[in-house]
Amino acid sequence: MTFLGELRVQAEHDSLRVISHFIHGIAQRIGLSDKALFELELAVEEAATNIITHAYPGDEKGMILIGAGELGGFLTISLTDWGVPLNPRDVKPFDLSAPLETRIQGGMGLHFIHTLMDRVERQTARQPGEPNVLHLSKRIERAPSGLHIASAVQELNAMRTVSQMVTANIALDDLLALILNKLVTTINAERGTIFLVDEARGELWSRVLLDPVGPLSEIRLKIGEGIAGHVAQTGETLNIPDAYADPRFNRAFDQITGFHTRSILTAPMLNPQQKIIGVVQLLNKAGGPFTHRDERLLAAMTSQAAISIENARLYQQELEQQIIQRELDTAHAIQASFLPDDLPQHPQWDIAAVWQPVRSVAGDFYDFYPLGDGRLGVAIADVSGKGIPAALFMALCVTMLRFGMNIGLPPGEVMRRANERLIADQRSRMFATALVSYLDLDGGGVEFACAGHNPALIYRAAAGQFEALGAPGVALGVFQGADYAQGAAHLDAGDILVLYTDGITEAIDDDENEFGEARLRALIAAHAALPARALADRVVEAVADFSAGTDVFDDATLVVLKRRPGE
């Protein structure tokens with residue numbers, strides 16, 4: 001092997017620049033092509049970074065010895081360290097299809113090294129203190145005679161900067177501006193633009209336009225239109241030395257801005273799923289047209305930039321989701337304030353209620369409203385739909401029902417008035433099923449009206465039988481002029497009155513079987529001796545066990561009123 005040179009440096013990130021100079025000098029000495037040099041420098045920098053990061057952890061100091069030699073048409077760079085050996089088997093394989101947060105954790109560096117090099121050999125120390133040696137071999141591809149190789153240090157620093165942005169939590173516009181500025185500076189162009197794809201409109205738009213001139217602060221063009229549009233449509237990199245000689249070039253931009261475009265280099269930005277998310281366009285290379293090296297450098301940097309952009313979008317979505325969640329938490333607190341603060345207390349009655357929204361807010365509600373004559377108004381309702389719209393309609397329904405109970409209207413009239421007002425005041429076409437009952441706490445009598453809701457259940461403790469409390473009536477907010485009939489019943493000592501929404505009985509299991517009213521009745525009968533709260537908990541637990549492993553799709557509300565035995 002022909003010895004070409006050797007370098008010994010501290011294992012620290014500041015040494016990467018010196019290593020780049022060393023590799024660049026070796027390449028100039030043997031006349032390495034710009035493509036081979038670019039790939040070699042990327043691989044060596046990644047290998048050296050791995051040593052700096054992993055071989056000497058914590059405050060431990062160490063050295064890296066880098067040697068270069070030529071043999072049999074191959075250039076071999078050997079990196080030696082005396083630290084903790086790296087076992088490639090311990091590194092999770094690089095998976096391009098994995099989620100971003102997983103993809104950027106290990107494996108990617110080794111993937112690049114093995115992809116860029118023709119041969120990779122590793123000699124691992126058998127004992128602490130012995131050297132670990134990594135041999136990177138690249139087939140020598142010589143540059144054409146007389147071609148000047150530009151310095152790669154600036155390019156590598158630019159690549160490192162863009163790569164570091166992968167995990168940077170910065171705003172998308174700021175990130176795009178940094179990337180574009182680095183591209184323009186590194187490739188030595190006059191101006192540049194990053195276009196992002198607007199899928200909804202089938203357009204490209206200039207999210208970042210470096211140094212806008214004249215009245216042009218934003219550019220929009222159809223995909224397939226112009227140079228950038230062609231690249232967005234085909235995924236092809238275009239290097240155009242004479243813009244005005246290319247029929248795809250739109251001269252109108254120069255005419256509007258007064259800028260004169262000479263040469264254009266345009267490359268697609270592809271995310272890890274190889275979907276085109278944007279286009280980078282550079283104008284007017286200083287000193288002549290853009291080179292093949294510029295094409296490769298732009299392709300490499302746009303690949304990293306695309307990952308950074310995707311990450312920034314995910315970060316922005318996370319921030320927006322946090323804002324939404326805070327708003328939902330506030331909405332949940334406001335909605336919960338519509339529910340009774342405390343359960344009614346009476347020596348003859350044991351009362352419990354459970355309210356379980358499937359989301360932060362719900363369309364279900366229940367209410368206890370003391371009436372002027374000493375009776376207790378008990379209401380339960382289920383609004384159509386989910387989320388914020390249902391919660392807003394729920395608040396409107398609560399207000400309407402409470403107003404009717406407050407002025408002493410009978411249950412049927414409460415429903416009728418609420419239905420008329422809801423139809424008059426809302427345009428959302430939402431509706432609610434409801435059941436309103438008036439309970440005589442001293443005597444045990446109950447009057448009720450139903451608006452399309454599940455019938456309440458009375459468990460007769462003495463007979464061990466059930467009675468369903470239902471009365472004709474359609475859902476609130478559906479038909480103007482609807483009538484609501486009233487019913488009446490009586491609860492004896494030990495009897496249990498249960499009101500519920502369909503989130504209880506319509507819960508499904510893996511086979512799409514419903515929990516059903518029969519199971520609800522069986523549970524109530526089996527646990528009738530329990531206090532009201534314990535009975536309600538048993539029902540809720542049974543529903544949860546029944547639907548375990550399936551997505552919960554409906555809110556669930558349960559009210560249990562038990563007349564104490566012997567009272």
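Since this is a predicted model, take the numbers as computed values, not measurements. (Residues numbered from 1 in each chain as written. Predicted model: local features only at pLDDT ≥ 70, side-chain atom pairs only at ≥ 80, totals over all residues. Heavy atoms only, no water.)

Engineer: Got a minute to help me understand the packing of helix α13 (residues 516-526) against helix α14 (residues 532-546) in this structure?
Structural biologist: Contact geometry of α13 with α14 gives a least axis separation of 10 Å together with a crossing angle of 140°. Accordingly, the angle class assigned to the pair α13 and α14 is oblique. The element α13 and its partner α14 pack so that their crossing is right-handed. Contacts between α13 and α14 involve R519, L520, L523 and I524 on the former and, on the latter, L535, V539, A542 and F546. The residue inventory of the contact of α13 with α14, partitioned by class, reads seven nonpolar, no polar and one charged. (Axes fitted to C-alpha atoms, helices over the stretch in contact; angles between N-to-C directions. Helix = DSSP H or I, 4+ residues; strand = E, 2+ residues; numbered from the N terminus. Parallel < 35°, antiparallel > 145°, perpendicular 65-115°, else oblique. Left-handed = near helix turned anticlockwise from the far one by under 90°. Contact = heavy atoms within 4.5 Å. Nonpolar A, V, L, I, M, F, W, Y, C, P; charged D, E, K, R; others polar.)

Engineer: Is there a simple way to think about unusual backbone geometry in this case?
Structural biologist: Excluding glycine, a negative phi dihedral is what most residues carry, and trans is how most peptide bonds are arranged. One non-glycine residue with positive phi stands out, namely N284, at about 60°. Within the secondary structure layout, N284 lies in strand β11 (residues 276-285). Overall, the relative accessible area of 0% leaves N284 in the buried class. Positive phi outside glycine occurs at E512, with the angle close to 65°. If you trace the backbone, E512 turns up in the loop between α12 (502-505) and α13. What makes E512 exposed here is its relative accessible area of 64%. (Buried < 20%, exposed > 50% of the residue type's maximum accessible area, 1.4 Å probe, protein only.)

Engineer: In this structure, what is going on with the nonpolar core? I would like to understand it.
Structural biologist: In globular proteins that are soluble, nonpolar side chains generally tend to be buried together. Ranked by size, the top nonpolar core spans 59 residues in total, and within it I19, L32, L75, I77, L79, L136 and L282 carry the most contacts. No other element matches helix α2 (residues 34-55), which puts 12 residues into this core. Excluding its chain neighbours within four sequence positions, the residues that come into contact with L79 are V44, A47, A48, I51, L65, I66, N132, V133, L134 and L136. (Core = buried A, V, L, I, M, F, W, Y, C linked by side-chain atoms within 4.5 Å.)

Engineer: Is there a simple way to explain helix α7 (residues 226-234) in this structure?
Structural biologist: Every α-helix winds through 3.6 residues per turn, so residues three or four apart in the chain are directed the same way. Taken across its nine residues, α7 has seven buried, putting it largely inside the fold. Burial in α7 covers these residues: G226, I227, A228, G229, H230, V231 and A232. G235 sits one or two residues past α7 and shows a positive phi near 75°.

Engineer: Even after reading the chapter, I still don't get the confidence of the model for the protein, so can you show me in this structure?
Structural biologist: Atomic detail in the predicted coordinates should be set aside for any region of low pLDDT. Here the protein shows a mean pLDDT of 82. Residues at 70 or above account for 81%. Counted against residues more than four places away or in other chains, residues 96-106, with its pLDDT under 50, gives 18 contacts. Segment residues 210-216: pLDDT under 50, and 14 contacts once partners within four positions in sequence are set aside and those in other chains are kept. (pLDDT = per-residue confidence, 0-100.)

Engineer: Explain the environment of D341 here, please?
Structural biologist: Tracing the backbone through its elements, the reader meets D341 in the loop between α9 (292-336) and β12 (349-356). Residues D341 and D367 lie 26 residues apart in sequence; the distance between their C-alpha atoms is 9.9 Å.

Engineer: Explanation requested: the sheet that holds strand β5 (residues 132-139) in the structure shown.
Structural biologist: Sheet strands associate in pairs through backbone hydrogen bonding, adopting either a parallel or an antiparallel arrangement. Taken in spatial order, the five strands line up as β1-β2-β3-β5-β4 in an open sheet, and their pairing is antiparallel. Strands with a single pairing partner mark the edges of an open sheet, and in this sheet they are β1 (2-10) and β4 (119-123). Across the sheet, the mean angle separating the axes of adjacent strands is 15° when strand polarity is ignored. In this structure, strand β3 (residues 74-81) lies alongside β5, joined through eight bridges in antiparallel fashion. Residue L75 lies in a different strand from β5, and its bridge partner there is K138. Contacts between helix α1 (residues 16-30) and the sheet are confined to β1, β2 (63-71) and β3, with β1 contributing the most and set at about 170° to the helix. Sheet strands in contact with α2 are β2, β3 and β5, and its direction is about 10° off that of β3. (Pairing = 2+ DSSP bridges.)

Engineer: Would you explain the side chain of S263 in this entry?
Structural biologist: Looking at the element boundaries, S263 is found in the loop between α8 (252-257) and β10 (264-270). Side-chain polar atoms of S263 contact the backbone nitrogen of K285, separated by 3.2 Å. When sequence neighbours within four positions are dropped, the list of residues in contact with S263 reads I240, P241, L282, L283, N284, K285, G288, P289 and F290. (Polar contact = N/O pair within 3.5 Å; in protein donor to acceptor, adjacent residues only side chain to side chain.)

Engineer: Mind showing me how you'd approach the pattern of salt bridges here?
Structural biologist: Close approach of charged atoms allows side chains with opposite charge to pair. Here the structure, examined in full by the defined rule, presents 20 salt bridges. Notably, a salt bridge pairs K275 with E199, separated by 2.5 Å at the nearest N-O pair. Placement of the pair is K275 in the loop between β10 and β11 and E199 in the loop between β6 (189-198) and β7 (203-209), with a sequence separation of 76 residues. Across the pair R375 and E447 runs a salt bridge, and its minimum N-O distance is 2.7 Å. (Salt bridge = Lys/Arg side-chain N within 4 Å of Asp/Glu carboxyl O.)

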